[in-house]
Amino acid sequence: MKKDLLTHFGFLLGFFALITLFKGRFELAFIPFWIGGIIGTLLPDVDHLLYVYFFRPQETTSQKVTTLIADNKYKESWDMMASTRLQRTNLIFHTSSFQVAFLVFAFLVITSTISLVAKGTVIAFVLHLIVDQLVDYIETKSYDSWFTRFPIILTEIQKKWYLVGNVVILLVFGFLF
């Protein structure tokens, strides 16, 4: 749990600090952006709960997590989900198809709302997905599970360019909103 949270919140802190510095927004009015960042960092992990409760409740890990949550052992359930995350390959949010659709949604939110909470949420959500892809690549030397339902087949170099493109889009979203 600690490693997972430290990784995501470390990237959030670093990236949002750069945005805050770049924009020169050192006032209380910018706090909602940071609150949105916290929300957006946590939201993609709801995907794992959906998997446990609705998509694969019959799996052993799902049943163990469900039991831990029912016993109010939230830290242990989070630890179990974090340690077994590579076993869950049919997640909704952790796919390239969802990521592309979410980037369109994020663009619409960033360009059409004045809500700093909404902007912070979508930027942090995109950041979380990119960090998850990087962690998958570092740990397994592949992030092919993200492309299982992608409508086209990409080569390894195209997958790397896909990731680079997502990072560029994130930077644009973060610094030009």
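The text that follows walks through the structure, step by step, so that each part is easy to find. (Residues numbered from 1 in each chain as written. Predicted model: local features only at pLDDT ≥ 70, side-chain atom pairs only at ≥ 80, totals over all residues. Heavy atoms only, no water.)

For the rest of this paragraph, the subject is the packing of helix α1 (residues 2–23) against helix α2 (residues 31–42). Where α1 meets α2, the axes come as close as 11 Å, and the angle between the chain directions of the two elements is 150 degrees. Looking at the two axes, α1 sits roughly antiparallel to α2. At the point where α1 passes α2, the crossing takes the right-handed sense. Contact residues: His8, Phe9, Leu12, Leu13, Phe16, Ala17, Ile19 and Thr20 in α1; Phe33, Trp34, Gly37, Ile38, Thr41 and Leu42 in α2. (Axes fitted to C-alpha atoms, helices over the stretch in contact; angles between N-to-C directions. Helix = DSSP H or I, 4+ residues; strand = E, 2+ residues; numbered from the N terminus. Parallel < 35°, antiparallel > 145°, perpendicular 65-115°, else oblique. Left-handed = near helix turned anticlockwise from the far one by under 90°. Contact = heavy atoms within 4.5 Å.)

This part takes up unusual backbone geometry. Even without being a glycine, Asn72 presents a positive backbone phi close to 60 degrees. Relative to the helices and strands, Asn72 is located in the loop between α4 (60–70) and α5 (74–83). Despite not being glycine, Lys141 has its phi angle at roughly 60 degrees, a positive value. Tracing the backbone through its elements, the reader meets Lys141 in the loop between α7 (116–140) and α8 (156–176). A relative accessible area of 61% places Lys141 in the exposed class. (Buried < 20%, exposed > 50% of the residue type's maximum accessible area, 1.4 Å probe, protein only.)

If you walk through the whole model with that rule in mind, you get 1 cavity of 30 Å³ or more. Around the largest cavity, the lining residues are Asp4, Leu5, His8, Phe9, Thr41, Leu42, Asp45, Trp78 and His128. Within the residue set of the lining of the largest cavity, elements represented by two or more residues are α1 and α2. Considering each element in turn, the lining of the largest cavity owes the most residues, 4 residues, to α1. Residues that form the lining of the largest cavity fall into these classes: 4 nonpolar, 3 polar and 2 charged. (1 Å grid on protein atoms, 1.4 Å probe; cavity = no way out; pocket = protein on both sides within 12 Å on 5 of 7 lines; lining within 4 Å. Points joined across faces, edges and corners; volume = space filled by probe spheres on them. Nonpolar A, V, L, I, M, F, W, Y, C, P; charged D, E, K, R; others polar.)

In the contact formed by helix α3 (residues 46–55) and α4, the axes pass within 9 Å of each other and the chain directions differ by 105 degrees. With respect to α4, the element α3 is oriented roughly perpendicular. Two secondary-structure elements touch here, α3 through Leu49, Tyr51, Val52 and Tyr53 and α4 through Ser62, Val65, Thr66 and Ile69. Classifying every residue of the contact of α3 with α4 gives 6 nonpolar, 2 polar and no charged.

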